[in-house]
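Residue-level structural notes
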Amino acid sequence: MPVGLFRVCLLVITAIVNHPLFFPKENGTVPENTEEIIQKMKEREESLRLEQLRLEQEIADQEATQKALEKAAVVVEESKEEKVRWDMWTALSMVIFLLIELWRQDFQEGNWQDVGGEEDDMAVLGKAFKGVAFPDKAVLASFYEKRILGTTGDMARMREMVEGFADDLLEALRSVCNRDADMEVEDCMGVGSMYENWRVRKPFVCDLIVPFAPPEPYCFRCQTWCSGDSFPPDEQGYGTIKVCRADEDATGCICDKTKLGEDMLCLLHSQVSSTRPSSEMEDLLCFKNTQYLDADQVMKWFQIAVTKAWNRISHKYEFDLSFSLLDSPGALKIKFKSGKSIAFNLTPVVQYENSDVYFISHFPRSSLAADVPSSTHWFLTFAVYERRFIQLVSKTLPANACHVSCLQILSFLHGKQCSLTGPSGLTNYHLKTVLLHLLQARPSQDWAPEKLEARLQDMLKFLEKCLHEKKLYHFFIGNGKVPAELGFPIIFQRAEPLNLFRPFVLRRDIYRKMVDTFHEMLRNMSALINEYTVHIPLAHTNGIHKE
């Protein structure tokens, strides 16, 4: 700015000095070019004036720019202060969120299955029970005796027949398989409602699982979602099965991960053993160009092997055997000449280490594995431990305990309701999970036969609570209170609890259908039970009773 003022003053002084009035009139005669000189002086004066205006404008622009810079600096400083305050609030919010999350996990770990002292919650929650006529002890006893008790003998005879035939079929399967190249099939095991004595709805279907192993020198190496590696949330409950040579290091040699060069040789693995043709791995039922066992390939192999085995022994039997369901590859049906039929499921599984946890390729008639991430992901089934837990607890309960009766009645009501309004996301496995939680939470004397009504109400209210919260945790996964007598793997006890209702959190249509089916079942309960019950005077019926 001082330089600009100096330039303006210099121009003014120059103009004054060069003004014609400062020149003395030495000659009284005016030259001939006086007008020309005056015109030039006017032009000079005009140019100086314009230059002065330009300089003044430049000075004004400089002053405006300076003010803008000062204002911008103030704004930047204020924004920095605001950002610092915002960062402090963000950090504080994150800390509070983390503390809440840690508290929630600790609370969940300590109380996720603590339902024994929730009578107050049960009383508050039972909104769906308002106005519902709940059958009393006499009606329930009559219904159980007339509709359910008579099916026990039929189940026992059917189990014996199916197991005998399945053993014969598997023995024939072993004889038609190549012992040096095909999978080795072990004896089958019965699991599910037919072997836990609570199935009530016909047709009766036996569920049999068949463990198998690869031929020598190969072995299976299993990896679960809780084994340490990160699995996405939608893959919890799943695992993968890698087909390896028995002498191969579990972590893998470095020669498989790096290029050693043409002049270098791995001292642990020869060139022949380290490179496996793609066709060899496909023969071992692996997914294309991988070492991971493919569930679809396994089921195709198993169906072909069962067909060959049946062709070998079919002359011994006076019935036909066929695959009954396309969406359940292990579903078989025995058809007698009389027109009667018996259905059962024969599903190949892979044993997890030395436990009785199994990787199962497909769940027959179930939505538990409806959205499998890929064919190399296998769902884990704890059916053997579930059966053992029920047997173990039953030994501590009073004679003729009502725990199985509760599950049978609830399963019957749910099945009847689904036949009226269509299937929902709620399954019999969810109902059994509710019973397992209550068996662990309640003392043995609470399951006496005369307390059937109260325990059935507990199951319904507990299920209502789970539906309301969209949380029903798997009984074994994350449960540190599993009895030590079961020999349950510790890795699953220490895992995060698995929410069986998690798939319904985002799928609101299925969740709404499930809730509506549950409420409709409550409203129709008395009508469904009375339909199969001998007439009992109305005076014996009333609403919900508290124990």
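Residues numbered from 1 in each chain as written. Predicted model: local features only at pLDDT ≥ 70, side-chain atom pairs only at ≥ 80, totals over all residues. Heavy atoms only, no water.

**Focus on the overall build of the protein**
Definition in use: Secondary structure counts use DSSP, requiring at least four H or I residues in a row for a helix and at least two E residues in a row for a strand, with both numbered from the N terminus. Accessibility here uses a 1.4 Å probe with only protein chains present; expressed as a share of the type maximum, an area under 20% marks a residue as buried, one over 50% as exposed, and anything in between as partly exposed. By definition, residues are in contact when any of their heavy atoms lie within 4.5 Å. Per-residue accessibility takes into account occlusion by the displayed protein chains alone, with areas from the Shrake-Rupley method and a 1.4 Å probe.
The secondary structure content of the protein amounts to 16 helices and 10 strands. Each of the 547 residues in the protein was classed as buried or not, and the buried ones make up 42%. Taking all contacts inside the protein whose residues are at least 6 apart in sequence as the whole, residues at least 24 apart take part in 72%. On the protein, roughly 31700 Å² of surface is accessible, and the fraction owed to carbon and sulfur atoms is 56%.

**Re the pattern of salt bridges**
Heads up, the rule is: Salt-bridge detection follows one rule: a side-chain nitrogen of Lys or Arg within 4 Å of a carboxyl oxygen of Asp or Glu.
Counted under the stated rule, the structure contains 17 salt bridges. Among the ionic pairs, aspartate 446 bridges to lysine 451, the shortest N-O distance being 3.8 Å. When its relative accessible area of 10% is taken as the criterion, aspartate 446 is described as buried. One salt bridge connects arginine 455 with aspartate 458, and the closest N-O pair in it is separated by 2.8 Å. Linking arginine 455 with aspartate 458, this pair stays in helix α12 (residues 452-469), spanning 3 residues, or about one helical turn. On the accessibility criterion, aspartate 458 (11% relative accessible area) is buried. Bridged by salt links that share partners, the residues Arg442, Asp446, Lys451, Arg455 and Asp458 form one connected network.

**Some points on the confidence of the model for the protein**
Reading predicted coordinates in detail is not appropriate for stretches of low pLDDT. Put simply, the test is: A residue's pLDDT is the predictor's confidence in that residue, given on a scale from 0 to 100.
Of the residues in the protein, 74% have a pLDDT of 70 or more, and the chain-wide mean is 79. Low pLDDT, under 50, characterises residues 25-31; the predicted model gives this stretch 0 contacts beyond four residues in sequence or across chains. Confidence drops under pLDDT 50 across residues 267-277; counting only partners more than four residues distant or on other chains, this segment forms 10 contacts.

**As for the UniProt feature "coiled-coil region" (unreviewed entry) in the protein**
How we decide: UniProt positions are given in the numbering used here, feature names are shortened, and annotations may be inferred rather than shown by experiment.
Residues annotated by UniProt as "coiled-coil region" (unreviewed entry) correspond here to residues 38-72. From the first C-alpha to the last, residues 38-72 spans 51 Å; its make-up is 100% helix and 0% strand.

**A word on helix α11 (residues 428-441)**
Note the threshold: Helix span, expected: 1.5 Å multiplied by one less than the number of residues in the helix.
Under the 1.5 Å per step criterion, the end-to-end length of α11 is 20 Å for 14 residues, consistent within 8% with the ideal 20 Å. What α11 keeps buried is the set Tyr429, His430, Leu431, Lys432, Thr433, Val434, Leu435, Leu436, His437, Leu438 and Leu439. Where α11 is buried, its residues meet α9 (383-394), α10 (403-421), α12 and α14 (503-506).

**Some words on the packing of aromatic side chains**
Let me state the cut-off plainly: A pair of aromatic rings is counted whenever rings of Phe, Tyr or Trp (Trp by its six-membered ring) have centres within 6.5 Å, and the orientation is called stacked for planes under 30 degrees apart, edge-to-face for over 60 and tilted otherwise.
Enumeration over the complete set of coordinates arrives at 27 aromatic pairs. With 6.4 Å between their ring centres and 55° between their planes, tyrosine 385 and phenylalanine 476 make a pair best called tilted. Within this pair, whereas tyrosine 385 is found in helix α9, its partner phenylalanine 476 is found in the loop between α12 and α13 (490-493), the two being separated by 91 residues in sequence. The same class applies to tyrosine 385 and to phenylalanine 476, which are both buried. The interplanar angle of 50° and the centroid separation of 4.8 Å between the aromatic rings of phenylalanine 389 and phenylalanine 475 together place this pair among those described as tilted. With phenylalanine 389 in helix α9 and phenylalanine 475 in the loop between α12 and α13, this residue pair connects regions lying 86 residues apart in the sequence. Using a relative accessible area of 2% as the deciding quantity, one classes phenylalanine 389 as buried. The exposure class of phenylalanine 475 is buried, given its relative accessible area of 2%.

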